[in-house]
Amino acid sequence: MHDEPVGKVSWVSGPVVRTVETRGVHMLDMVEVGDERLIGEIIGLNGDQATLQVYEDTTGLKPGSPVYSTGYPLAAELGPGLVTSIYDGILRPLKALADATGIFIGRGVRAPSLSREILWDFTPAIRNGQEVTPGMIIGTVPETERIEHRVMVPPNVSGIVTSVAAAGKYKVDQEICRVRTPQGDEVSLTMLQRWPVRQKRPVARRLPADTPLVTGQRVVDCVFPMVKGGAAAIPGGFGTGKTITQHQLAKWSDADLIVYIGCGERGNEMTEVLVEFPKLIDPHSNRPLMERTILIANTSDMPVAAREASIYTGITLAEYYRDMGYHVALMADSTSRWAEALRELSGRLEEMPAEEGFPAYLATRLAEFYERAGMVETLGGSTGSVSVIGAVSPAGGDFSEPVTQHTSRFIGCFWALDKELASARYYPSINYINSHSAYTEFVADWWKKIGGEKYNWEAMREETVDVLRRDDKLQQIVKLVGEEELPDEQKLILDTARILQNAFLQQSAFDEVDTYSVPEKQLRMLSVILHYYHRGGDVVKRSIPIYKYQQLPVRNEIMRMKSRIPNDKLEEFDALDRAIDEQIDALIAE
Amino acid sequence: MATEIGKEYVGVQRIVGPLVMIEGIDGVGYDEMVEIVSDDGKLKHGRVLEVGTKAAVVQVFEHTTGLSIGATKMKFLARPVRIPVSEEMLGRTFNALAEPIDGGPPPIPKDLRPVSGAAINPTLRHHPSDFIQTGISAIDAMSTLVRGQKLPVFSASGLEHDRVIAQIIRQAKIIGKQEPFAVVFGAMGLKHDIADFYRKSFEESGAGNNVATFLTLADDPSIERIITPRSALTLAEYLAFDVGMHVLVVLTDMTNYCEALREVATAKGEVPSRKGYPAYLYSDLAALYERAGQVEGRTGSITQLPLLTMPNEDITHPIPDLTGYITEGQIVLSKALQGAGIYPPINVLPSLSRLMNDGIGEGRTREDHRNVSSQLYAAYARVKRVEVLAAVIGEEELSEIDKQYLTFGQHFEKEFIQQAPDEDRSIEETLNLGWKLLKHLPVSELTRVKEEQIAKYLPKD
Ligand SMILES: Nc1ncnc2c1ncn2[C@@H]1O[C@H](COP(=O)(O)OP(=O)(O)O)[C@@H](O)[C@H]1O
Ligand SMILES: [Mg+2]
């Protein structure tokens, strides 16, 4: 089937190609175009004419050139070997492409996503004669020190096992199991399976999401928490910190596996991950971060159609590991580039544009994507999740544009990055007035187990948010009359907000100690700040001038605790608590 | 070029602005180069934008005036637009298609390279981290330039960006290293006097023989500008990755480039996105800006310093906006600062270097660099807020601490940002100056620097 052309090119405009005399193809089939066999996909059919999007540069492609069909839709190869790899948007391994064409990515290069050479250590988990259903684990493979790969019965297969491979070393395309289906067919299964990327993988049922995705970033965990299986958006103008935030979450969040999609962004940012992640140690497993990471890099200089595909290939890999019972976090940087790829292709197809040139189906596509996030019971009966964190790059930094607006309807966390905070180098520049999390109440129980009554997350969070809100209101007055005019009770609010902002919410990704805080440290820090605030109330009540409170030496300790007290020396907070009481008691006694 | 074989046709169907529609062709490929001969025998160049079984749309780089429906000859060259490259091109001036326009003979090419380039495989990029000292405090301390970075200058009409860029080119160095370097200068729609200014500045600094210039002047046909940056980057890639030189590419003015793109899109009748610019503007710019960096196994590098003018000084305009989304930061110039007599008029708050973090610190600049810089940013941002407040309530009504911030701000602008166009400050001087200015604030405000750094660097008296 590969060698009989199924049509002829009739028109070429960049990544969009039309064909005539097309037959025997289906919508969304993968095709190969021209003598160089450029990879493409059928995105429109009308009689014997087809419209294709081509994932590679079409320079030199001529009308009249043959088109071949692969007979199947764009599908991901699934199996051991994905973790630690870096792929392009259509899942070609970039290392193999580098071996083939060097520094610059050439055209028409084909390389399988999974190595056909590596021998994997397979241990069977089923017996001959056993009945199997979709999602059941056939056997396991240590994919990395960190990830046990669970080879599953594919979603569309069930029956009786007629043979299963003994424990030993196998290549991904060797048979490891045979199943006789109720229809009497014999299905041969290998560790390698395929799944069409634009289709979501089935699950047994969706479960409520009530476990936080702990990120180690205080403004996220303590103010706008994310859940495992949740969906979050990080909108922000250029330079406000979307990518660093995504990197921070990829590094420090307590997911089992990370799928990081660089969608239409910088090459150097992917290189940075490639260089850094193998060196960084995951605090949850003490193994290099790379051992739980899959990278998809479709940088801005790569063809735009593959950018469109990268979001789907990424989330398919995430779902596949979810189905093994893992908690997967997917970062997509940036979903706006994906939306713009849709717009660019739609423009070339001469479709009727809706808002700002985006196609009318933009909202549907965004909804479908974020819908693939969730905490689920898998077909195999275990619990797994896909958390999706999408960066959004609004044109002109204006959140009223279509991608930000539509996205905000489909997500639970909205971390709005703020240009002004970023320009003061106040990071993460998450604006606490415009941001929100719909997951706060769901994670309160989890935090109660960590902090108990003494370090009551829910109460402390509420008070923190309250201080920040009141500060925001007071700032409106300050803008008109200055701070000096306010009574001391109000100055105390402004003062506490400043401490919260600078000593707690602000967190440098580049500070060795501060880059990541364990939940217990976050609670202790909040507790110290609020304790100081409450005792400040005692001071103000006694009409002691507030500047005396502000000049206490302990304040400097509070301002510096985030980078002074490491995650494993939390007892040092006891001394801080004591110092606050001593100094304030002394002040009151004066 | 006369020896090229290709398909030749006489007569075209339609001419719209820079586009020519031709019918009755056969075997023509997408993005192919075209030679066009007008009625009076003038040779022009173009490339295929769209091609069907019998028809093609060709974009002509030169003016389409002089082309007629009946007599225009078109020759399809069966290859993409490409240019000759060689080291000999340094010291010379070319048009957009790398034909010499300085009166000298064409350099002997070492190779012919397609100008559109190809994506660099991210697994073979080498993450840039070599600090380039520009001698300009506002850049070195606050938005540090790193070798292999793409760092544009966002300017506005009437601002002294050319002086700033010339100063950067003159002073830029890697401390302690002497390595082969070159400048590739891609000028799009440049005015004659500005072109002269740059030429003189290169000559005076003695760098003239290391500069290759691709020049399209303001009165040259606008569509040529679409090729200029591509030719410049193609030569830069050859010099960096084949010859092993450290290449600084200056592209000015990217706004003119984008306007040429818009002109073509409009002539084609494409659905525009923002402000009439085509939906593919982001991808198109990315294909240029991403042609910067360092790669594994090659010694050379490409550092890009593009310049663009923000229409109405509006940073949210699609050109600066999309650029900022692609490049590794931006240096923003401001009319307000220039109006206050400050040179270089660099507005540090919206400026950013995304690669700074990897290029600074112990062993590169100094261990306190990251913290001082962050502290200066925080303080200066507060200055700007206090200034607004002062305008409302009056300076006298400000709190003591706010007044101290105002004083800091004045000194910061006058002593730190401001410097002479020939003043080349070392990074040590720059950082020490930063500390000296922080002296205007109470120590309790300096929470972004470490206590041991305060002990070591904050002047004692
Ligand atoms: N959490 C952070 N800690 C320290 N610096 C940060 C942080 N977030 C962002 N930055 C700074 O801001 C710059 C721009 O951030 P980036 O994530 O690249 O922005 P965006 O992706 O929104 O364009 C970075 O180069 C870095 O210097
Ligand atoms: Mg980014």
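Conventions adopted
- Residues numbered from 1 in each chain as written.
- Chains lettered and ligands numbered in written order.
- Predicted model: local features only at pLDDT ≥ 70, side-chain atom pairs only at ≥ 80, totals over all residues.
- Heavy atoms only, no water.
- Contact = heavy atoms within 4.5 Å.
- Buried area = accessible area lost by both parts, 1.4 Å probe.
- Salt bridge = Lys/Arg side-chain N within 4 Å of Asp/Glu carboxyl O.
- Polar contact = N/O pair within 3.5 Å; in protein donor to acceptor, adjacent residues only side chain to side chain.
- Helix = DSSP H or I, 4+ residues; strand = E, 2+ residues; numbered from the N terminus.
- Nonpolar A, V, L, I, M, F, W, Y, C, P; charged D, E, K, R; others polar.
- Pairing = 2+ DSSP bridges.
- Near = heavy atom within 4 Å.
- Areas by Shrake-Rupley, 256 points an atom, 1.4 Å probe, with all protein chains shown as cover.
- Axes fitted to C-alpha atoms, helices over the stretch in contact; angles between N-to-C directions.
- Parallel < 35°, antiparallel > 145°, perpendicular 65-115°, else oblique.
- Left-handed = near helix turned anticlockwise from the far one by under 90°.
- Buried < 20%, exposed > 50% of the residue type's maximum accessible area, 1.4 Å probe, protein only.
- 1 Å grid on protein atoms, 1.4 Å probe; cavity = no way out; pocket = protein on both sides within 12 Å on 5 of 7 lines; lining within 4 Å.
- Points joined across faces, edges and corners; volume = space filled by probe spheres on them.
- Domains from an automatic or database assignment.
- Phe/Tyr/Trp six-rings, centres within 6.5 Å; stacked < 30°, edge-to-face > 60°.

**Comments concerning the interface of chain A and chain B**
The parts lose accessible area when they come together, and the size of an interface is often stated as this lost area. Contact with chain A, which involves 74 residues of that partner, is made by 77 residues of chain B. On the chain A side of the interface with chain B, the three residues burying the most area are A:Ile103, A:Phe238 and A:Arg425, jointly 14% of the side's total. Viewed at the interface, chain B and chain A are joined by 2 salt bridges. Two residues, A:Arg560 and B:Glu451, come together in a salt bridge whose shortest N-O distance is 3.8 Å. Our count for the chain A to chain B interface comes out at 32 residue pairs in polar contact (both at pLDDT 80 or more). Broken down by secondary-structure element, the contributors of at least two residues to the side of chain A that touches chain B are strand 1 (7-13), helix 1 (94-101), helix 4 (267-276), helix 5 (304-323), helix 6 (335-348), helix 9 (419-423), helix 11 (457-481) and helix 15 (553-564) of chain A. In terms of residue count, the dominant contributor to the side of chain A that touches chain B is helix 4 of chain A (7 residues). Class assignment of the residues belonging to the side of chain A that touches chain B gives a composition of 28 nonpolar, 23 polar and 23 charged. The pairing of strand 1 of chain A with strand 5 (residues 43-52) of chain B spans 2 bridges and is antiparallel.

**Let's talk about the site of ligand 1**
For ligand 1, the set of nearby residues contains 15 residues, the closest of which are A:Gly239, A:Lys242, A:Thr243, A:Ile244 and B:Arg354. Surrounding ligand 1 is a set of residues that belongs to chains A and B. In this structure, A:Thr240 approaches ligand 1 through a main-chain N or O atom, which is 3.3 Å from an oxygen atom. A distance of 2.7 Å separates an oxygen atom of ligand 1 from a polar atom in the backbone of A:Ile244. Burial of ligand 1 by the protein amounts to 92% of the accessible area it has alone, namely 560 Å². The dominant element in the shell around ligand 1, judged by the number of residues it contributes, is helix 3 (residues 242-252) of chain A, at 3 residues. Of the residues belonging to the shell around ligand 1, the class tally is 6 nonpolar, 7 polar and 2 charged.

**Some thoughts on the packing of helix 2 (residues 161-171) of chain B against helix 3 (residues 192-204) of chain B**
Residues and elements named next belong to chain B. Helix 3 packs onto helix 2 with a crossing angle of 20° between their chain directions and a minimal axis gap of 10 Å. By the angle class used here, helix 2 and helix 3 are roughly parallel. The handedness of the crossing between helix 2 and helix 3 is right-handed. Of the residues in helix 3, those touching helix 2 at His161, Asp162, Arg163, Ile165, Ala166, Ile169 and Arg170 are Ile194, Phe197, Tyr198, Ser201 and Phe202. Here the residues of the contact of helix 2 with helix 3 are counted per class, giving 7 nonpolar, 2 polar and 3 charged.

**So, the sheet that holds strand 9 (residues 120-124) of chain A**
Strand pairing in a sheet relies on backbone hydrogen bonds, with the paired strands running either antiparallel or parallel. All names here are of chain A. Strand order in this open sheet of 4 strands is 12-11-9-14, and the pairing throughout is antiparallel. Every interior strand has two partners, whereas the edge strands, strand 12 (148-152) and strand 14 (168-170), have only one. If you compare each strand with its neighbour and ignore which way they point, the axes differ by 40° on average. With 5 bridges joining them, strand 11 (residues 137-142) and strand 12 adopt antiparallel strand pairing. Across the sheet, residue Ile137 finds its bridge partner in strand 12, namely Met152.

**Looking at the pairing of strand 20 (residues 329-333) of chain B**
All names here are of chain B. Burial analysis of strand 20 places 5 of its 5 residues in the buried class, the great majority of the element. On strand 20, burial covers both faces: Gly329, Ile331 and Leu333 on one face and Gln330 and Val332 on the other are all buried. Pairing of strand 14 (residues 153-155) with strand 20 involves 2 bridges; the strand directions are parallel. Looking at the pairing, Val153 lines up with Ile331 of strand 20. Taken together, the 4 bridges between strand 20 and strand 21 (residues 346-353) define a ladder with antiparallel strand orientation.

**Re the pattern of salt bridges**
Pairs can form between side chains of opposite charge once their charged atoms are near each other. Inspection of the entire model under this criterion finds 72 salt bridges over all chains. For the salt bridge of B:Lys150 with B:Glu328, the shortest nitrogen-to-oxygen distance reads 3.0 Å. With a gap of 178 residues between them, B:Lys150 in the loop between strand 13 (145-146) and strand 14 and B:Glu328 in the loop between helix 7 (318-326) and strand 20 connect regions that are remote in the sequence. Judged by relative accessible area, B:Glu328 falls into the buried class, the value being 1%. With its nearest N and O atoms 3.0 Å apart, the salt bridge here joins B:Glu413 to B:Lys384. With B:Glu413 in helix 11 (residues 400-417) and B:Lys384 in helix 10 (residues 369-393), this residue pair connects regions lying 29 residues apart in the sequence. Connected through salt bridges with shared partners, the residues A:Glu265, A:Arg266, A:Glu269, A:Arg337 and A:Glu340 form a single ionic network.

**Describing empty space enclosed by the protein**
Taken as a whole and assessed by the stated rule, the structure comprises 2 cavities of 30 Å³ or more. Residue lining of the largest cavity: 22 residues in total, with A:Glu340, A:Arg343, A:Ala395, B:Arg274 and B:Leu322 positioned closest to the centre. Contributions of two or more residues to the lining of the largest cavity are made by helix 6 of chain A together with helix 6 (281-289) and helix 7 of chain B. Partitioned by chemical class, the residues of the lining of the largest cavity number 12 nonpolar, 3 polar and 7 charged. The volume enclosed by the second largest cavity comes to roughly 60 Å³.

**Some thoughts on the domain arrangement of chain A**
Residue and element names in this part refer to chain A. Partitioning chain A into domains gives domain 1 (7-73), domain 2 (208-438) and domain 3 (452-589). Inter-centroid distance (C-alpha atoms) of domain 2 to domain 3 is 32 Å. Buried surface at the junction of domain 2 and domain 3, both sides included, amounts to about 2000 Å², of which 58% is carbon and sulfur. Per-residue buried area on domain 2 facing domain 3 is highest for Arg218, Cys222 and Tyr432; these three make up 37% of the total on that side. At the boundary of domain 2 with domain 3, the tally comes to 1 salt bridge. Here the side of domain 2 that touches domain 3 takes 5 residues from helix 2 (residues 218-223), the largest share from any one element.

**A closer look at the packing of aromatic side chains**
Per the stated rule, a full pass over the model turns up 22 aromatic pairs over all chains. With centroids separated by 5.6 Å and ring planes inclined at 75°, the aromatic side chains of A:Phe238 and B:Tyr325 adopt a geometry described as edge-to-face. Of the two residues, A:Phe238 is situated in the loop between strand 19 (231-235) and helix 3 and B:Tyr325 in helix 7; the pairing between them involves two chains. By relative accessible area, A:Phe238 is classed as buried at 4%. Taking 6.2 Å as the distance between ring centres and 35° as the angle between the ring planes, the aromatic pair formed by B:Tyr198 and B:Phe202 counts as tilted. Here B:Phe202 and B:Tyr198 lie together in helix 3, a separation of 4 residues that amounts to about one turn. B:Tyr198 gets classed as buried once you look at its relative accessible area, which sits at 0%. We classify B:Phe202 as buried; its relative accessible area is 6%. Through a chain of ring-to-ring contacts, the aromatic side chains of A:Tyr312, A:Trp338, A:Phe369 and A:Tyr370 assemble into a single cluster.

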